[in-house]
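Coordinate analysis (summary)
Listed here are the chains, written in short residue letters.
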Amino acid sequence: MAGVRSPDTASILSHSPSSRPSTFTGGRGPAYTLDTFSSQDFIVKDFIETLTDGAIPVRRSGTASTRQAFDPKPLIRTFEHTLARLRTLSEDLETRESELSGSVRRAETQHNSNIKSREQELERAIDGFRRLERTLDGDGDSGGNAAMHIGERLEELDRQRQRAQDAKFVLQCWLEVSERGDLSALDDVRRMGGGEGKVRCALIARQLLNISQRLDPVTNGTPQANDSHGVDGHDDDTDLPNGGFKAKARGGHQPREIIEKFLEMLEKDLLKSFDDFYRRQNFDGMRECAVALRDFSDGSSVISLFVNQHQFFIDRAQLVTEDLATDTEAWDRLADPDTEPPGVEPSLQSLIDEVKVVCQEESFIIKRAFPFHEEVLARFLQRVFQQSIQQKLEIVLNKADSISSLAFLRSLQASRSYIAALVEDLKAHGLTEHPEPASSVTAAVLDQQLDELFVPYFTGSSYIEREKRNLGELFEGLLFKYQIYHSRRRKMQPSSYLGQLAARGNEYISNAREAYTKRLDTADLPARQKAMLLRIAGLHERDHAGAGGQKEIDVTDEDGKLSLPFTKRMLKWLAEGVGRGLELAGGGNETPREVRELLHLLVANVGEIYLETALDAMGDAAAIAEGAKTTEPDLNYLFWLKGAISVLHLTLTTIRMLLLPLAASNLSIRRDLEKYTTSFTDRAESKIDLILHRTLDASLAWSTRLLSQQRKTDFRPRDDANLQLDHLQTTTCAALCAFLSRVHSSASASLLGSGSGLEAFSLELAVGLRSLLLQHFKSFPVSLTGALVVSKDITKYIELLRGWELPGSFDLSLEVLTEIAGLFVISPEALRERLRGFGAVGGLVGMERGELRGFVVRREDAGSVGVQAALSVL
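The chain carries the name Exocyst complex component 5 in an unreviewed UniProt entry, which gives Friedmanniomyces endolithicus as its organism. Here is the UniProt Sequence similarities (unreviewed entry) comment for the chain, exactly as written: "Belongs to the SEC10 family."

What follows is the structure in structure tokens.
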């Protein structure tokens, strides 16, 4: 097999057809190893193709006839060699696998041994820790407890040593001050000890003062040697050359006086140091001084120094009395009830904005300079609110009060709202707790200062009285001409009981008008408020000059009519007052009582003076229309009724949606208000019902008068009369239909939107008209030609009634009129059949026989045999 060619190993691994050998000679196959089969690019198909191509030589020429037959031997030899090589590789692979498995088992054994060893070591360590823990937790003075007891004992001994040293030093200082009048040792501690030394110095001086107070009687009773001179030969207290303090007890001075003087000097020195540190922004130095001064009046001196010397209060003290903004337009808007208020006064707003910035900046300094920062911040906030803000607030409110009551109330609301926003902003900022929200103590201080600012304006019933006075003035001003018009409307004293009640109401209006004019004449009324009230009342100064008498003021019919814009203005003023009260009072326990006052004020002005006066006027007009005999009743007052119903609806909506819910917290007041509202509603509705009933009576009375003008010849025209079908309607029918159309139009305009009111009114009028018509057609003889006229009139009446808003059940009643017209038109034979079926079907159901006979006998041929035969059926 030495001459056999074998393919190159690289060509086999690359599996490239171009590099494969063309022939395989001999029994040798291609060379390959385990790496050949472990390659990721190994493909069995390519491997077999490589073996096959290498075993079969390539023949490039020759025809099919000359080609040799297929020889499988090279392939067999190649595959046999390959199988032998594969078995060898398989054996090698098994050997290597066995070696690797043995290595793995040995490694696992070693690993398990290592783990057990480490477990044993860990258990030994845990046992050691447990023994140590048991030793530390053991009973008696051994182990940990012993060490802890030793530590505590050492700390106690250290404290005792420190107390002993302090006591020794106190005794030394006491001996110095009592025997020599000298506090130089204590003063050395003050000068050399820094901040801690000053704190210790203040503490020791306090102890010395306590000793002197206890021993004061003994000291006073013991004669002092060398009374005229001190230890160093000086007669008076002197300062040591190094700035120390020295006093003499033998020159008439007692230790207590010396100690107190030293404490006073120490406090002044600390305060001066604190001020110097504050000017240099040395917060650590300020803190040391503040700690030392804490023992002097609980730190009130250092807090007062910090607050009083603040530049904000110095600057603002010069500006707080400056004049307010001179923008007259803004003040006029503030006093005008029909315009939106301009907001908070500019100078007060500027102050509050500055306070916000100053408080936020100073809280940072207070936090770093004072260990008791919450107390300092509370004092600072109190000073800000009680001095700066309160003074400016009083100036603003006094100015607003000098303009008008409304200006005062609006300024009070705007100011409180803006200051409340300041408080909430400071809480959210946190001040000394920044960036966290303010602490509960600081929040309580802010809330307390806010409440104290406005307590004088809400004491008792002062606030609600201001609101009532303001709304009363506005209502009276708006209704001034209205009251004058209606007071002139009745000059004659009525004699009836209802008229007397109305006269009392008229007298009440007159008294209110006189009170209003007197209020305008009072000297206490501000000029701007007086001008505003005159403008609301529609008056000028020249009109007010003669307001003492009614005749000097010109009023028109429009002044005496109800006006929805006027009503909306009054309700808007009321809603503003209610909202202002809720914002200022916060919905407290007094809210139901205040709501009761406002509801009574609303009903008294909008309900009684405004609405009920108009209803009384409409009732009088309806009574006049009801009594009209010769002229058609004037029903123009119905156009006012729509306004009255709208005013009533708006008023009741305001009461139920705005006022009554605010009184829900007090059930007794809520029930009283509901009863009061129901009484007012029933009173107004009864007056509206009276007006509508009088209108119905007047309309039916005039309809009766029009029907009485029907000529007897209208239904018995001459035979030679040239009648046309279009002109068969009588003038009475035309006049009555025209009148009733006007009545219904007026009622529709006034009752539209009032629910079933228009339908009920139309039904009452239709029922009354039907009764009049049934009675009317029994009163006139009807000829054969006149029957057409009757039919035409009845048809016109039915068309009129069907054009109204009537319930569907009334259609059957209208069919009665149609059947009545047929009784005059049909022939005697048909009449007999119609009467024979009487009461069974048709529009005659429910009519009495006597009523039908009354119509039939008015036929011109009622005496004929056929008609009599028909009547015999009845």
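Let's talk about the overall build of the chain
Along its length, the chain carries 33 helices and 2 strands. The buried share of the chain, reckoned over its 874 residues, is 41%. Of the contacts formed within the chain by residues at least 6 apart in sequence, a portion of 75% connects residues at least 24 apart. Accessible surface computed for the chain: about 46,300 Å², of which carbon and sulfur atoms make up 52%.

Quick look at the nonpolar core
The biggest cluster of nonpolar side chains holds 103 residues, and the ones touching the most others in it are Leu611, Leu615, Leu641 and Ile820. The biggest single contributor to this core is helix α24 (residues 591–626), with 15 residues. Aside from chain neighbours lying at most four places away, what touches leucine 641 is Leu615, Met618, Ile688, Ile691, Leu692, Ser750 and Leu751. In terms of nonpolar packing, the next biggest core, distinct from the first, is built from 79 residues, Ile365, Phe380, Leu381 and Tyr463 among them.

Thoughts on empty space enclosed by the protein
Within this structure, the stated rule accounts for 4 cavities of 30 Å³ or more. Considering the residues around the largest cavity, the lining is formed by 13 residues, among which Val578, Gly581, Leu582, Glu594 and Leu598 are closest to the centre. Looking at the lining of the largest cavity, the elements that each hand over two or more residues are α18 (462–478), α23 (564–585) and α24. Examining the composition of the lining of the largest cavity, we find that 5 residues originate from one element, α23, more than from any other. Here the residues of the lining of the largest cavity sort into 8 nonpolar, 3 polar and 2 charged.

A look at the pattern of salt bridges
In the structure shown here, the tally under the stated rule is 28 salt bridges. For glutamate 576, the salt bridge is made with arginine 580, and the minimal N-O distance between the two is 3.0 Å. Of this pair, glutamate 576 and arginine 580 both sit in helix α23, 4 residues apart, roughly one helical turn. Its relative accessible area of 1% is what places arginine 580 among the buried residues. We note a salt bridge from glutamate 819 to arginine 834, for which the minimum N-O separation is 2.7 Å. Of this pair, glutamate 819 sits in helix α30 (residues 811–825) while arginine 834 is found in helix α31 (residues 828–836), placing the two residues 15 residues apart along the sequence. Because the salt bridges share partners, they merge into one network encompassing Glu608, Glu612, Asp616, Arg683 and Lys687.

Some remarks on the packing of aromatic side chains
For the structure shown, the criterion picks out 14 aromatic pairs. Measuring from centroid to centroid gives 6.4 Å for phenylalanine 454 and tyrosine 457, while their planes differ by 55°, and the two rings are tilted. Look at phenylalanine 475 and tryptophan 573: their rings are 6.3 Å apart centre to centre, the planes differ by 20°, and that puts the pair in the stacked class. On the criterion of sequence distance, the pair formed by phenylalanine 475 in helix α18 and tryptophan 573 in helix α23 is long-range, its members being 98 residues apart. Overall, phenylalanine 475 belongs to the buried group, its relative accessible area being 0%. Pairwise contacts between aromatic rings join Phe274, Tyr278, Phe306, Phe370, Phe372 and Phe380 into one cluster. Lying across the ring of phenylalanine 454, arginine 416 places its NZ or CZ 5.7 Å from the centre.

Some points on the packing of α18 against α24
In the contact formed by α18 and α24, the axes pass within 10 Å of each other and the chain directions differ by 15°. Between α18 and α24, the crossing angle belongs to the class labelled roughly parallel. Two packed elements cross with a definite hand, and for α18 against α24 that hand is right-handed. Of the residues in α24, those in contact with Tyr463, Ile464, Lys468, Leu471, Gly472 and Phe475 of α18 are Glu594, Glu597, Leu598, Leu601 and Asn605. Of the residues in the contact of α18 with α24, the class split is 6 nonpolar, 2 polar and 3 charged.

Points about the side chain of glutamine 449
By the secondary structure assignment, glutamine 449 is in helix α17 (residues 440–454). In contact with glutamine 449, not counting residues within four places along its chain, are Gln382, Phe385 and Gln386.

Let's talk about unusual backbone geometry
For residues that are not glycine, phi is negative in most cases, and the peptide bond is trans in most cases. In the segment running from histidine 434 into proline 435, the intervening peptide bond is cis, with an omega of 10°. In this fold, proline 435 is placed in the loop between α16 (405–429) and α17. Look at leucine 431: it is not a glycine, yet its phi comes out positive at around 55°. Along the chain, leucine 431 turns up in the loop between α16 and α17. Relative accessible area serves as the criterion here: at 3%, leucine 431 is assigned to the buried category.

Some points on helix α33 (residues 865–873)
Those residues of α33 not exposed but buried are Val867, Ala870 and Leu871. For α33, the buried positions fall inside an angular range of 100° around the axis, keeping them on one side. For α33, the exposed residues lying more than 90 degrees away from the buried face are Val865 and Ser872. Of the surrounding secondary structure, the elements contacted by the buried residues of α33 are α31 and α32 (849–856).

Some words on a nonpolar patch on the surface
A surface patch of nonpolar side chains, about 280 Å² in accessible area, is lined by Ile150, Leu154 and Leu157. The topology assignment puts isoleucine 150 in helix α5 (residues 143–180).

Thoughts on the environment of aspartate 620
Inspection of the secondary structure assignment puts aspartate 620 in helix α24. C-alpha separation for the pair aspartate 620 and tyrosine 637, spaced 17 residues apart in sequence, amounts to 9.7 Å.

A closer look at a negative patch on the surface
Together, Glu91, Asp92, Glu94 and Glu97 make up a region of like negative charge exposed at the surface. Among the structural elements, glutamate 97 can be located in helix α4 (residues 73–136).

Here we look at the confidence of the model for the chain
When pLDDT is averaged across the chain, the result is 79; 78% of the residues are at 70 or more. Averaged pLDDT values for the elements of the chain fall to 35 in helix α1 (residues 9–14) and rise to 94 in helix α26 (residues 667–708). Every residue in residues 492–498 scores below 50 in pLDDT, and together they form 5 contacts with partners more than four places removed in sequence or on other chains. Overall, residues 545–551 carries pLDDT values under 50, and its contacts beyond four positions in sequence, including any with other chains, amount to 8 contacts.

Examining the state of the cysteines
A complete count under the given rule lists 0 disulfides for this structure. With no disulfide of its own, cysteine 733 has cysteine 737 as its nearest cysteine by sulfur position, at a separation of 3.9 Å.

A few points about the packing of α16 against α17
Where α16 contacts α17, the axes come no closer than 10 Å and their chain directions differ by 170°. In terms of axis orientation, α16 runs roughly antiparallel to α17. Packed against α16, whose contacting residues are Leu412, Ser415, Arg416, Ile419, Ala420, Val423, Leu426 and Lys427, the element α17 presents Ala443, Leu446, Asp447, Leu450, Asp451, Leu453 and Phe454 at the interface.

Conventions adopted
- Residues numbered from 1 in each chain as written.
- Predicted model: local features only at pLDDT ≥ 70, side-chain atom pairs only at ≥ 80, totals over all residues.
- Heavy atoms only, no water.
- UniProt positions renumbered as here; feature names shortened; annotations may be inferred.
- Helix = DSSP H or I, 4+ residues; strand = E, 2+ residues; numbered from the N terminus.
- Buried < 20%, exposed > 50% of the residue type's maximum accessible area, 1.4 Å probe, protein only.
- Contact = heavy atoms within 4.5 Å.
- Areas by Shrake-Rupley, 256 points an atom, 1.4 Å probe, with all protein chains shown as cover.
- Core = buried A, V, L, I, M, F, W, Y, C linked by side-chain atoms within 4.5 Å.
- 1 Å grid on protein atoms, 1.4 Å probe; cavity = no way out; pocket = protein on both sides within 12 Å on 5 of 7 lines; lining within 4 Å.
- Points joined across faces, edges and corners; volume = space filled by probe spheres on them.
- Nonpolar A, V, L, I, M, F, W, Y, C, P; charged D, E, K, R; others polar.
- Salt bridge = Lys/Arg side-chain N within 4 Å of Asp/Glu carboxyl O.
- Phe/Tyr/Trp six-rings, centres within 6.5 Å; stacked < 30°, edge-to-face > 60°.
- Lys NZ or Arg CZ within 6 Å of the ring centre and 35° of its normal.
- Axes fitted to C-alpha atoms, helices over the stretch in contact; angles between N-to-C directions.
- Parallel < 35°, antiparallel > 145°, perpendicular 65-115°, else oblique.
- Left-handed = near helix turned anticlockwise from the far one by under 90°.
- Arc of directions from axis to C-beta.
- Patch = residues over 30% accessible without salt bridge, like charges linked within 9 Å, V, L, I, M, F, W, Y side chains within 5 Å.
- Lys, Arg positive; Asp, Glu negative; His and termini not counted.
- Charge placed at Lys NZ, Arg CZ, Asp CG, Glu CD.
- pLDDT = per-residue confidence, 0-100.
- Disulfide = S-S within 2.5 Å.

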